[in-house]
Every structure is written in structure tokens, then in C-alpha cells.
Amino acid sequence: MPYFMQVGEIPRKRFSQFRRPDGKLYAAEVMGEEGFSSNMSLLYHRSPPSAVLKVAALPHPAPDLVDNHPLLPRLLGTSWLQDSGDMIGNRHLLCGNSDVLVSFAVSHQPSPLYRNAGGDELLYIHDGAARLETVFGVLEVRQGDYVVIPKGVTHRWLPQGDAALRALVFETAGHVRPPKRYLTANGQYNQESPYSELDLRRPEGPLLAEGSDVDVIVKNRNGLTCYTYQTHPFDVVGWFGCNYPYALNIADFSPITGSFHRPPPVHQVFEAPNCVFCNFVPRMLDYDPRAMPIPSFHSNVDSDELIFYAEGNFFSRKGSGIERGALSLHPAGHIHGPQPAAYESGPSRVGQHTEECAVMLDTFKPLLLGRAALAAEKADYYQSWNAR
């Protein structure tokens, strides 16, 4: 995260002595990426953050994924998923590969304290609201928010209100970043970026909690471990740096449009190793009278494409059976595009607006399928392009 900020009490100089009112040193924690050569933050704890009383392995089955064979486009649903746990333990695995796992979570319940030590997490809040508590402070999140939680950040989810919190969850094997082309050489969002620092919501804090013998669930590539800490991890009196969780609402993404079709990279919002994240938001459609009336059929020969249909009217998918909360998977090797009903009614769209809102993941390795997700698959989706 390239945007520097500071919260709470901090010393005048980095790595200088910083003492508590009783004269003892605060415990300084450097949370740095890429061998301490990239983004970092420096946090000041009231107690040492490494004081662990006991450690226990927790049961955690390996991801249950199967090949997309025979090679088919897939249409999956999420509306059937019910609230049966918290935002950490109630994740329904939809698909994934070695670079990213895609799940859907539904919850009313507070989650345990949790830390993903395997990679960053990116969540899209489809319904509901929550208070996200972290060692950096508090984020109040709402429908339409992207929430970026960097690797190694201790946090917990506290759903708010009567509606269940429903979220699409991406667990990456690396770091979620803004696309490099949106940033200047010094890390500021440039003027061509569809969002800027003003659109990012950062943690409010500090968040201080008392407690002893506090459990934190830690995930890495080998599974789950429960650490019992001597003191509560939310004891940071201040911090500064560029590595912290933040939120961006999809409504604050300003679409890039043109007189003729603009390719999907203009919709990109984030990137991670071997995958990119895009969104399609309400926007003006191609406005030149000569423009193609509907997006072309296309083969993204190097990527699998997963689209989550969040809100609105998906004009190019008319007649496909797609509903709010559905996901389509179009694998590399499958030619796809507008459905026949949309293609025939296309000429009236020139100069018009679309009201769709969708989140897209493109991966450069094939996506495998979660067995549980296949239970909600629309089996004849691959035939939806047939004019008959």
C-alpha cells in the first residue's frame, strides 16, 4: 500500500527509543514485506507481541478441488448458501488454484481472532455490514466494499445489523496491489487511475483491548494453528507506515469509457501474483454510431475468467439465467461472449448506459472447482449460447 499514514502515539524518529509512561520501552514490531525491502509499518505494542503461552494444531482439511474436465463454462450460485458460522470458519470454497482460493462466506456471528500467514486476503462485501477490528485499528465496512487485509494482520470480523454478512473472499498466495500502471514512480495514484487515495478508507485507531490468555488462529500452507498469547494482540498505542488494511467501495471506481469498445484491462482494480481483479460498474456504453452494438465474442487464451454478478442488469448475458449473486467461470479454451438474446437486441445500446455491477477475477493458471460449489451448478449453462 503506497499511502503513508500514522495513527496514535509514535516516536519522533524511526527505530528510536519510545517509552511508556512508567519508563519501560514499548515493544516495537516491524511488519515488512518482501524481506523488509518493500512496504512496511512499525507498530508500538504495550506488551511484547511474541509472548505465546501455548500452541495447538487445529483440524483443517485440504482444499477439496477437482479439475474442470470435461472443459466447460460453469454457472454457479451463492443464494443458497446459509449462515452457519463465522466469517473465518464458514467459507464455502468455490474454486481456486495454487495462486488464489475463491470462497463465499455468510455469517451473523463474530469471528475469532485470525491471521492469514500465507498471503493477502481480498473480500468483496455483497450484503450486510461489519466492524473489522485489526491491530491497526477499526474499519467499518458496508455493501460494495473491497477490503484488503495484508498477510500477517491479526483481525476479527464483527457483523453488524440484522442482515447476514455475505462476502466473496479471495485468498491469494502473495500481495494484493493496485495495478502498477495506476501509480507514479513515487507511488502516488496518477491522474489516469480510476480511483485515488481520497477513495481509500483506512483504519481508525488506535484500538486497545485488555485480556490475557487470548487465542489467535493462524493459517499457513500447512493448515491452522491456535496460538494462545499472554496478552491481547490489540494493544498497539500507535503505528506508522504503508502496510495496513484498507477499504475501497466499488461505487468510488470511476469507469474509463470510450467511443469504441475498451478492453477489460480498463476495468482493473487490483492485482496479485498470477491474477488480476477487475470490476464492471455503471457506465456509458460505446457512443460512436459505428461502434459494435454488443461486446465481441472473445477468447482470453491465457486466462480463466470468473465473474461475480453483484447487482444490476447484465445486458450482454440476457437469456443466460444469470441472477444476482451468481458466478460464471469461462475457462481458457472456451470461446464466449454475449448470449443470442442480447446480441439480437444490441443496436439500441449505442450511447446508452449500463447499470451492471460485477467483480471479475482472471487467473493465469486453470481454476479448479470446489466440489461443494458444483452442487449449485446450472448444468446446461454451456448450451446457453445456442440460438435454439
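See above for the structure.
Reading guide: rules and limits
- Residues numbered from 1 in each chain as written.
- Predicted model: local features only at pLDDT ≥ 70, side-chain atom pairs only at ≥ 80, totals over all residues.
- Heavy atoms only, no water.
- Helix = DSSP H or I, 4+ residues; strand = E, 2+ residues; numbered from the N terminus.
- Rg over C-alpha atoms; globule rule 2.2 N^0.38 Å.
- Buried < 20%, exposed > 50% of the residue type's maximum accessible area, 1.4 Å probe, protein only.
- Contact = heavy atoms within 4.5 Å.
- Areas by Shrake-Rupley, 256 points an atom, 1.4 Å probe, with all protein chains shown as cover.
- Lys, Arg positive; Asp, Glu negative; His and termini not counted.
- Charge placed at Lys NZ, Arg CZ, Asp CG, Glu CD.
- Salt bridge = Lys/Arg side-chain N within 4 Å of Asp/Glu carboxyl O.
- Polar contact = N/O pair within 3.5 Å; in protein donor to acceptor, adjacent residues only side chain to side chain.
- Pairing = 2+ DSSP bridges.
- Patch = residues over 30% accessible without salt bridge, like charges linked within 9 Å, V, L, I, M, F, W, Y side chains within 5 Å.
- Core = buried A, V, L, I, M, F, W, Y, C linked by side-chain atoms within 4.5 Å.
- Axes fitted to C-alpha atoms, helices over the stretch in contact; angles between N-to-C directions.

Draft legend 1. Examining the overall build of the protein chain more closely. Counting its regular elements, the protein chain contains two helices and 28 strands. The C-alpha radius of gyration of the protein chain comes to 22 Å, within 12% of the 21 Å expected for a compact globule of 388 residues. Expressed along its principal axes, the backbone C-alpha trace of the protein chain runs to roughly 80 × 45 × 40 Å. When burial is assessed residue by residue, the protein chain has 53% of its 388 residues classed as buried. Taking as baseline every contact in the protein chain between residues at least 6 positions apart, the subset at least 24 positions apart corresponds to 76%. By element, 52% of the accessible surface of the protein chain is carried by carbon and sulfur atoms, the whole surface being about 17800 Å². Positive and negative side-chain charges in the protein chain, numbering 34 and 41 respectively, have mean positions lying 4 Å apart.

Draft legend 2. Fine view of the side chain of Asp120. Looking at where Asp120 falls in the secondary structure, it is placed in the loop between β9 (114–116) and β10 (121–127). Despite its burial, Asp120 pairs with no opposite charge; the closest candidate is Arg177, at 5.6 Å N-O. One polar contact links the side chain of Asp120 to the main-chain amide nitrogen of Val176, over a distance of 2.8 Å. The contact partners of Asp120, leaving out residues within four places of it in the chain, are Ile149, Pro150, Lys151, Phe170, Glu171, Thr172, Gly174, His175 and Val176.

Draft legend 3. Broad picture of the side chain of Asn116. Considering the arrangement of structural elements, one finds Asn116 in strand β9. The class for Asn116 is buried, based on a relative accessible area of 6%. A polar contact is formed between the side chain of Asn116 and the backbone nitrogen of Gly118, at a distance of 2.8 Å. Beyond its immediate chain neighbours, meaning those up to four positions away, Asn116 contacts Glu121, Lys151, Gly152, Glu171 and Lys219.

Draft legend 4. Spatial organisation of the sheet that holds strand β16 (residues 200–201). Pairing is antiparallel across the open sheet formed by nine strands, whose spatial order is β5-β28-β7-β8-β15-β10-β13-β20-β16. Where the open sheet ends on each side, the last strands, each with one partner, are β5 (65–66) and β16. Across two bridges, β16 lies against strand β20 (residues 246–249) in antiparallel orientation. Paired with Leu200 across the strands is Leu248, a residue of β20.

Draft legend 5. Structural view of the pairing of strand β22 (residues 275–280). Along β22, six of the six residues are buried, which leaves the element largely enclosed by surrounding structure. The alternating pattern of β22 places Cys275, Phe277 and Asn279 on one face and Val276, Cys278 and Phe280 on the opposite face, and all of these are buried. Note: strand β21 (residues 268–272) against β22, four bridges, orientation antiparallel. Its bridge partner lying in β22, Gln268 is registered against Cys278. Pairing of β22 with strand β27 (residues 357–363) involves six bridges; the strand directions are antiparallel. Bridging from a neighbouring strand, Asn279 pairs with Val359 of β27.

Draft legend 6. Molecular detail of a nonpolar patch on the surface. A cluster of nonpolar residues, Phe15, Val30 and Phe36, forms a patch on the protein surface that exposes about 340 Å² of accessible area. Inspection of the secondary structure assignment puts Phe36 in the loop between β2 (27–32) and β3 (40–45).

Draft legend 7. Spatial organisation of the pairing of strand β8 (residues 100–107). Among the eight residues of β8, eight are classified as buried, and the element is accordingly described as predominantly covered. Two strands pair when backbone bridges link them, and strand β7 (residues 91–96) and β8 are joined in this way by five bridges, in the antiparallel orientation. Residue pairing in the sheet places His92 in a bridge with Phe104 of β8. The turn linking β7 back onto β8 is made up of three residues.

Draft legend 8. Examining the nonpolar core more closely. Within the largest apolar cluster, 79 residues are counted, with the highest numbers of intra-cluster contacts made by Trp157 and Phe270. Setting aside residues up to four positions removed in sequence, Phe270 forms contacts with Leu122, Tyr146, Val148, Val176, Arg177, Pro179, Tyr195, Tyr246, Leu248, Val276 and Phe277. Counting residues in each nonpolar core, the second largest holds 11 residues, with Leu75, Ile322, Met360 and Trp385 among its members.

Draft legend 9. Structural view of the sheet that holds β27. With antiparallel pairing, the six strands of this open sheet are ordered in space as β6-β25-β24-β27-β22-β21. Strands with a single pairing partner mark the edges of an open sheet, and in this sheet they are β6 (74–76) and β21. Sheet twist, expressed as the mean angle between neighbouring strand axes with direction ignored, is 15 degrees. In the sheet, strand β24 (residues 304–311) pairs with β27 via seven bridges, with the strands oriented antiparallel. For Asp304, the partnering residue across the bridge sits in β27 and is Thr363.

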